[in-house]
Amino acid sequence: MAAPVTPPQTPSELPQAPRTLDRREGPYGEVVLRERPGSPGGPPVIHEIIANGCFLMDTSDGRSERLLVDAALRELPADRARPAVLIGGLGVGFSLARAAEQPRWGRITVVEREAAVIDWHRTGPLSAISAAALADPRSEILHTDLVAHLRTDTAPPPGDDGPATHGGPPDDGEPITRSSPVTYDALCLDIDNGPDWTVTEDNNGLYSPAGLAACRDRLTPGGVLAVWSAQPSPAFEEALRNAGFQGVRTEEIPVVRGVPDVVHLARKAA
């Protein structure tokens, strides 16, 4: 008996290649926004961010980006009122949107170095995820490099690396001036595929002893550092301990295939 013949797929049944919506060259290389059809049961359209040919993230899920913020908030003392959070990397906006959904956060600051990514949220298709969060009076976006921002002792003056998008003045304190140090109760960092797989060579400095010391200095006593990664990194856990952080641990987020995404967590001494 002859084996059944599988009919050829019609053009409409073939997987569609991603479509490029925008492509920009900047000081850190090329960044691209792409669009592809979603899968049954998921979003009808998925957007992807590609940097220098390296896939960074897409809008298909977002669980691990949300967990980055959830885990940091859980680690903070329950009696800490209106904690300030710095989100390193705007990405597709899941972490910012999650923070804005949580009324406990006070000031929500996002640092993003790519002007294109900020534009895609302000006037492009990623606004579907972030528009409500950007309108939140607690939220602001700083257009600057994360590593440089962490190593800067004081806040920038308006027009330097000030907010590209601001929902309004924070309602939990005085406006920040150049002479006032900027500290946060939580740092939620997601600018690479992990400490062992950076998007650009410049980002290696974030995970170095000097970079981790800068993170520690930007935290309030008992503050939390949360770092997203596409895979666990025992070497990074050891680096966190060597940098003086306490309570170092890793939370795993199961994915459809391959090793789980993780969030590395650590606390500054109280």
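To be clear, the structure that these remarks concern was listed above.
(A) Region of the structure containing the overall build of the chain. When you go through the chain residue by residue, the secondary structure sums to seven helices and twelve strands. Across the chain, contacts joining residues at least 24 apart in sequence account for 64% of those joining residues at least 6 apart. If you sum the accessible surface of the chain, you get close to 13,000 Å²; carbon and sulfur atoms cover 55% of it.

(B) Here's a closer look at the sheet that holds strand β4 (residues 54–58). Pairing is antiparallel in the open sheet, where four strands are placed in the order β1-β2-β3-β4. The open sheet has two edge strands, β1 (19–26) and β4, and neither has a second partner. Neighbour-to-neighbour, the strand axes of the sheet open up by a mean angle of 20°, direction not taken into account. The sheet contact formed by β1 and strand β2 (residues 29–37) spans seven bridges and is antiparallel. Considered in β2, the bridge of E25 is made with E30.

(C) Seen up close, the pattern of salt bridges. This structure, assessed with the given rule, holds 19 salt bridges. With a shortest N-O distance of 2.8 Å, D22 and R24 are connected by a salt bridge. Residue class for R24 comes out partly exposed when judged on its relative accessible area of 29%. The shortest N-O distance in the salt bridge between R80 and D185 comes to 2.9 Å.

(D) Summary view of helix α6 (residues 209–218). Taken together, the buried positions of α6 are G211, L212, A213, A214, C215 and R218. In this fold, the buried residues of α6 make contact with α5 (146–150), β9 (184–189), β10 (219–229) and α7 (234–242).

(E) Main features of the pairing of β2. Between β1 and β2, which pair antiparallel one after the other, the connecting turn spans two residues. Looking at chain direction, β2 and strand β3 (residues 45–51) are connected through seven bridges and run antiparallel. By the bridge assignment for β3, V32 is matched with I50.

(F) Geometry of the layout of surface pockets. Of the voids in this model, the largest pocket is the one considered here, and its volume is about 760 Å³. Along the wall of the largest pocket there are 24 residues; nearest its centre are F55, D58, S60, V255 and D261. Among the elements of the structure, β4 and α1 (63–75) are those that each provide at least two residues to the lining of the largest pocket. Per-element tally for the lining of the largest pocket: the top contributor is β4, with four residues.

(G) Region of the structure containing the nonpolar core. Ranked by size, the top nonpolar core spans 42 residues in total, and within it I49, I87, L96, W105, W120 and V263 carry the most contacts. Of all the elements, α1 adds the most residues to this core, at six residues. Sequence-distant contacts of V263, that is, excluding residues within four places in its chain, are made with S64, L67, L68, A226, V227, W228, R249, T250, E251 and I253. Core analysis: the next-biggest nonpolar cluster, separate from the first, contains 26 residues, L142, Y184, L206 and F236 among them.

(H) Region of the structure containing empty space enclosed by the protein. Under the definition given, this model contains three cavities of 30 Å³ or more. As a volume, the largest cavity reaches approximately 300 Å³. As for the largest cavity, its lining consists of 27 residues, and the residues nearest its centre are L56, E112, R113, E114 and I191. Ranked by residues supplied to the lining of the largest cavity, first place goes to β2 with three residues. Lining the second largest cavity we find M57, E65, I87, G89, L90, G91, V92, G93, F94, S95 and D190.

(I) Region of the structure containing the side chain of S139. With respect to the helices and strands, the residue S139 is situated in strand β7 (residues 139–143). Looking at S139, its side chain comes within polar contact range of the main-chain oxygen of A133, at 3.0 Å.

(J) How the structure looks around the environment of L67. Looking at where L67 falls in the secondary structure, it is placed in helix α1. Note: C-alpha distance between L67 and A226 (159 residues apart in sequence) is 9.8 Å.

About the thresholds
- Numbering of residues starts from 1 in each chain and follows the order in which that chain's sequence is written.
- pLDDT decides what is reported in this predicted model: residues at 70 or higher carry local features, side-chain atom pairs at 80 or more are listed and counted, and totals for whole chains, interfaces and linings draw on all residues regardless.
- Note: side-chain values were computed over all heavy atoms of the structure, leaving out hydrogens and water.
- Put simply, DSSP marks the helices as runs of H or I at least four residues long and the strands as runs of E at least two long, and each gets a number from the N terminus on.
- Contacts are residue-level and defined by heavy atoms, with any inter-residue pair within 4.5 Å sufficient.
- Areas reported here follow the Shrake-Rupley algorithm with a probe of radius 1.4 Å; residue values treat only the protein chains shown as occluding.
- Two strands pair under a simple rule: DSSP has to find at least two bridges between them.
- As a rule, the C-alpha atoms of each element are fitted with a line to give its axis, helices using only the stretch in contact, and angles between N-to-C directions run from 0 to 180 degrees.
- A side-chain nitrogen of Lys or Arg and a carboxyl oxygen of Asp or Glu constitute a salt bridge if their distance falls within 4 Å.
- The classification of residues rests on relative accessible area computed with a 1.4 Å probe and restricted to protein chains. Under 20% of the type maximum is buried, over 50% is exposed, and intermediate values are partly exposed.
- A 1.4 Å probe that fits but cannot get out identifies a cavity on a 1 Å grid over protein atoms alone, an open set with protein on both sides within 12 Å along at least five of seven lines counts as a pocket, and a residue lines either if it has an atom within 4 Å of a point.
- Grid points are joined across faces, edges and corners, and a volume is the space filled by probe spheres set on the points.
- Buried Ala, Val, Leu, Ile, Met, Phe, Trp, Tyr and Cys residues that are joined via side-chain atoms within 4.5 Å together make up what is termed a nonpolar core.
- Contacts described as polar in this section are N or O atom pairs within 3.5 Å, which, within protein, must combine one atom able to donate a hydrogen with one able to accept it, while residues neighboring in sequence count only if both atoms come from side chains.

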